[in-house]
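The lines below spell out each chain.
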Amino acid sequence: MKNTILLSLCFCSIASFAQSNTTADSTALIISSPADLTVTTTLTMRMDSQGFVSVTIPQTEQRQVQKDWVEYAAKGSKGKATIVNGDNLQMGAVNKNISPSQFDISCRLLGTNEGVRVTVWLTETPSVPVSQQQKSDRTIALQKYVHDFAVLEYRSAVMNELRAQQAKQNILESELTMQIKDEERAGKKIEGGRATIQRTNDAIATTILDIQGMSTKIESQKAMVDNNAADPNAAKGARKTLIEMEEQKKDLQKLNDKRAKEIMIRKDEIRADERVISDDKEKEAAKRVSIETQKQIVLGIKTRLEGIK
């Protein structure tokens, strides 16, 4: 969207205010304006009629513009604000740049695809004759009055846009932070799983040595049982000890089998976490691209905001 607000300023007689026997003093001129504002003014002044200033303000909503205009026109006013035929009328308005005396100022709003069109005209009954230079000065002052309002509204609209896009950027950055934290948690979980597997493997290795030692003892105990076969009581005690040793060996083997299953579970979990990290890395890369794109959008809006004058 361009930073330029295009003002189409057309000052002409308004039939509803005109009288059939009124003489007119007319002239046409081009009024210079700020660098970012293109203005072409055709001026036709009549003592009993009103000119109007029209400006379309981009990115605005009619309801908000109306609310803001009522407040804007009422500043310093001595009269009341009313609605006449759908137009906003501020009576007894006061603006020394436009007129040394009070005046009524009307505003008509129309929502368009390009924004809200604001059309403004004023009524003043001079107590003394007004020179052509005074008429021209008043025209320029009214132009600036409407221009300043348009700038305020457009800046407000762009500022709202900026806040919305900054909020979107913040959300993207928060999502990226959460993804990174998820990756870190998954990484720590993998490290913990690998450490657990190492400890479990060490325990298995130790238990294998215990099983081997128990096997040696069992062989010795079997020999003892054979040697005490002639002595029923001694043989009975030896067989009981042998059975206990064999049970201990079985328990040790079951323990290692259980540990082996735990290792398999841990490895499955690690593979799952590695897949999660891989997926998150891809999402992270895409998120970083989105964030950079969003930063450029925010920068563009800031640049546009700075250019509104």
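None of these values were measured; they are calculated from a predicted model.

Undergrad: When you look at the overall build of the protein chain in this model, what are you seeing that I'm missing?
TA: For the protein chain, the count of helices and strands is 3 helices and 8 strands. Its helices and strands in sequence order give the protein chain the pattern β-β-β-β-α-β-β-β-β-α-α, from N to C terminus. Across the 309 residues in the protein chain, those meeting the buried criterion constitute 35%. A total accessible area of about 18800 Å² is found for the protein chain, and carbon and sulfur atoms account for 53% of it.

Undergrad: Please clarify how the packing of helix α1 (residues 62–74) against helix α2 (residues 132–227) should be interpreted in this entry.
TA: In a pair of packed helices, the angle between the axes and the distance between the axes together describe the arrangement. The N-to-C vectors of α1 and α2 enclose an angle of 135 degrees; their axes lie 11 Å apart at closest approach. The orientation of α1 relative to α2 falls into the category oblique. In the packing of α1 onto α2, the handedness of the crossing is right-handed. Facing Q64, V65, D68, W69, Y72 and A73 of α1, the residues of α2 in contact are Y145, D148, F149, L152 and E153. Looking at the contact of α1 with α2 residue by residue, the class counts come to 7 nonpolar, 1 polar and 3 charged.

Undergrad: Looking at this structure, I do not really get the pattern of salt bridges. What am I missing?
TA: Opposite charge on two side chains allows them to pair when their charged atoms are near. Within this structure, the stated rule accounts for 14 salt bridges. Residue K281 is joined to E183 by a salt bridge in which the shortest nitrogen-to-oxygen separation is 3.3 Å. Here the residue K281 occupies a position in helix α3 (residues 232–306), and E183 occupies one in helix α2, the gap between them amounting to 98 residues.

Undergrad: Where do I start with the packing of α2 against α3 in this structure?
TA: Two numbers describe how α2 lies on α3: the axes approach to 5 Å, and their chain directions differ by 165 degrees. When the axes of α2 and α3 are compared, the pair comes out roughly antiparallel. Classified by chirality, the crossing of α3 by α2 is left-handed. Among the residues forming the contact of α2 with α3, the class breakdown is 31 nonpolar, 18 polar and 29 charged.

Undergrad: Any chance you could explain the packing of aromatic side chains here in plain terms?
TA: Aromatic ring pairs: the centre-centre distance and the angle between the two ring planes describe each pair. Going through the model one piece at a time under the given rule, you end up with 5 aromatic pairs. The interplanar angle of 85 degrees and the centroid separation of 5.0 Å between the aromatic rings of W69 and F149 together place this pair among those described as edge-to-face. Of the two residues, W69 sits in helix α1 while F149 sits in helix α2, which places them 80 residues apart along the sequence. Grouping residues by exposure puts W69 and F149 together as buried. Note on Y72 and Y145: the rings are 4.8 Å apart at their centroids and 45 degrees apart in plane angle, and the pair reads as tilted. Note that Y72 is positioned in helix α1 and Y145 in helix α2, a separation of 73 residues in sequence.

About the cut-offs
Residues numbered from 1 in each chain as written. Predicted model: local features only at pLDDT ≥ 70, side-chain atom pairs only at ≥ 80, totals over all residues. Heavy atoms only, no water. Helix = DSSP H or I, 4+ residues; strand = E, 2+ residues; numbered from the N terminus. Buried < 20%, exposed > 50% of the residue type's maximum accessible area, 1.4 Å probe, protein only. Areas by Shrake-Rupley, 256 points an atom, 1.4 Å probe, with all protein chains shown as cover. Axes fitted to C-alpha atoms, helices over the stretch in contact; angles between N-to-C directions. Parallel < 35°, antiparallel > 145°, perpendicular 65-115°, else oblique. Left-handed = near helix turned anticlockwise from the far one by under 90°. Contact = heavy atoms within 4.5 Å. Nonpolar A, V, L, I, M, F, W, Y, C, P; charged D, E, K, R; others polar. Salt bridge = Lys/Arg side-chain N within 4 Å of Asp/Glu carboxyl O. Phe/Tyr/Trp six-rings, centres within 6.5 Å; stacked < 30°, edge-to-face > 60°.

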